Amino acid sequence: MKRGLGCIFRLFLLLITLIIVAFFIVYAVAPVYEFPAPTPFSGKVINNPYHKLDTALWRKGNFQVQSKVWMGLTDGRKNEAKAIYAVYHQLDYDVVAITDYMKINRFEKDKEGYISAYEHGYGLWKTHQVCLGTNHITWLDYPFYQTLSHKQHILNTLKRHCEVLAIVHPKVRNGYDLNDMKFLSNYDLLEALSHYAISLNYWDLALSSGHPVYIISNDDSHDVLDPTKVGRYCTFFNSKSLQEDDVLSALKSGRAFGAYVNMLEGADFYQKAEDHRNIPILQSVEVENDTLTVIVSEPAAAITFIGQNGIIRKIVSNSPTASYHISDNDQYIRTEILFNNNTHFYLNPVIRHNGEGPDKPQAPNVNYTKTWLLRVFAFFIMLFFIRLIIKFRKRNSTKRKKTFRQSFYNR
């Protein structure tokens, strides 16, 4: 019995050792990047993603929610895919993307509005991303810790296999450091609003550093039967159809905005559905002669224009329309709209550029000298530990032989 337990324990230790070695190798071969200094937006042309809106084409979506997978080991174990769709359709959502952890959910894949998606990341610090428009799972991750280079490498790897890539809940467990937003690139969306974290300061820092990323807002609910955890955060997008290509094109080009939908104290799903039917409409966002004008369907308690580094430029109160003259010093301007019932709209920014659309920042380059120095250093560390393990096994083997001889002669 004791011998059997010892054998199981040794197999367990071997498994743990193999896992540690595997992750060690992943870290050892990771590239080290050289990040260019942030370059704020500039130029004489202002890009307006909402130019000539067709208000009849506004649709509502939630692009992050988990269902029960992996035998219920991950968050979302309370959610069945059928229940997720039923609840969100009751609230008149047009698109519900189930983003299971490291798995693409195929439920209702043949129906209009289906988006192939999953949530990537299984590390300790919730450094997660949502991949939209993909049929490929990327298993690479850095689970114990992540440097800026590790995060960039993950983004680069994921972007090769999905149409739209979003950084999600960056604030949770400090999965992304605020300072990361100055440098990280090669992603399309930032989840600035969710049930778990409000990360508007992350978004403003990314924009202020010259990264043209747009907003996404999701419930990220792990229990869709709890009315307090669904229908609170959503993304409105302006799309000619619910085909995956059209939906993702709207998100990627900024023809969307994030929303927080107010919920009355103690409201049930019937009241929530009524609240959703009465959400105001964003009617127009236009830039003319460097003046940004926003119009909504009912008087707003406040329409706020926000610029570089999240600084408030102007507030207009108790009006369905507001204008702001974009000065030469304004690199971008985004708009927040607060309605009298506490519902909020968070619009994508209008951005200065040089005539070809918002400029993508210079991509970080791999520093091959540092990368190979790290790999050589890691190789020698691995050799050192392998030698220690061999030495330890030899010592144990010798000890077992001595014990066996002693017990044999003492019979």
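Use the structure listed above.
Criteria and thresholds
Residues numbered from 1 in each chain as written. Predicted model: local features only at pLDDT ≥ 70, side-chain atom pairs only at ≥ 80, totals over all residues. Heavy atoms only, no water. Phe/Tyr/Trp six-rings, centres within 6.5 Å; stacked < 30°, edge-to-face > 60°. Buried < 20%, exposed > 50% of the residue type's maximum accessible area, 1.4 Å probe, protein only. Pairing = 2+ DSSP bridges. Helix = DSSP H or I, 4+ residues; strand = E, 2+ residues; numbered from the N terminus. Axes fitted to C-alpha atoms, helices over the stretch in contact; angles between N-to-C directions. Contact = heavy atoms within 4.5 Å.

Asker: So what about the packing of aromatic side chains? Which residues, and what values?
Answerer: In the structure shown here, the tally under the stated rule is 16 aromatic pairs. Both rings, one in Tyr33 and one in Phe35, keep their centres 6.2 Å apart while their planes meet at 55°; by these two values the pair is tilted. You can call Tyr33 buried: its relative accessible area is 10%. Put simply, the rings of Trp58, Phe236, Phe257, Phe339 and Phe345 touch in pairs and so form one group of aromatic residues.

Asker: If you had to explain the sheet that holds strand β7 (residues 164-167) to someone new, which residues and values would you point to?
Answerer: Strands sit in the order β5-β6-β7-β8-β9 across an open sheet of 5 strands; the sheet is mixed. The open sheet has two free edges, formed respectively by β5 (117-120) and β9 (214-218), since each of these has just one partner strand. Averaged over all adjacent pairs, the angle separating strand axes in this sheet is 30°, with direction ignored. Taken together, the 5 bridges between strand β8 (residues 189-194) and β9 define a ladder with parallel strand orientation. By the bridge assignment for β9, Leu190 is matched with Ile215. Sheet strands in contact with helix α4 (residues 200-208) are β8 and β9, and its direction is about 155° off that of β8.

Asker: Please provide a residue-by-residue account of the pairing of strand β3 (residues 58-62), values included.
Answerer: Of all 5 residues in β3, 5 are buried; the element is thus mostly enclosed. The two faces of β3 match: Trp58, Lys60 and Asn62 on one face and Arg59 and Gly61 on the other face are all buried. Of the pairings in the sheet, the one linking β3 to strand β10 (residues 233-238) comprises 4 bridges and is antiparallel in character. Each bridged residue has a counterpart across the sheet, and for Lys60 the counterpart in β10 is Phe236. Looking at chain direction, β3 and strand β4 (residues 95-96) are connected through 2 bridges and run parallel. When the bridges of β4 are listed, Asn62 appears paired with Val96.

Asker: Run through the pairing of strand β17 (residues 350-353), naming residues and quoting values.
Answerer: A two-sided burial pattern is seen for β17, the buried positions comprising Val350 and Arg352 on one face and Ile351 and His353 on the other. One ladder, built from 3 bridges, connects strand β2 (residues 45-47) with β17; its direction is antiparallel. Following the sheet pairing, Ile46 is matched in β17 by Arg352.

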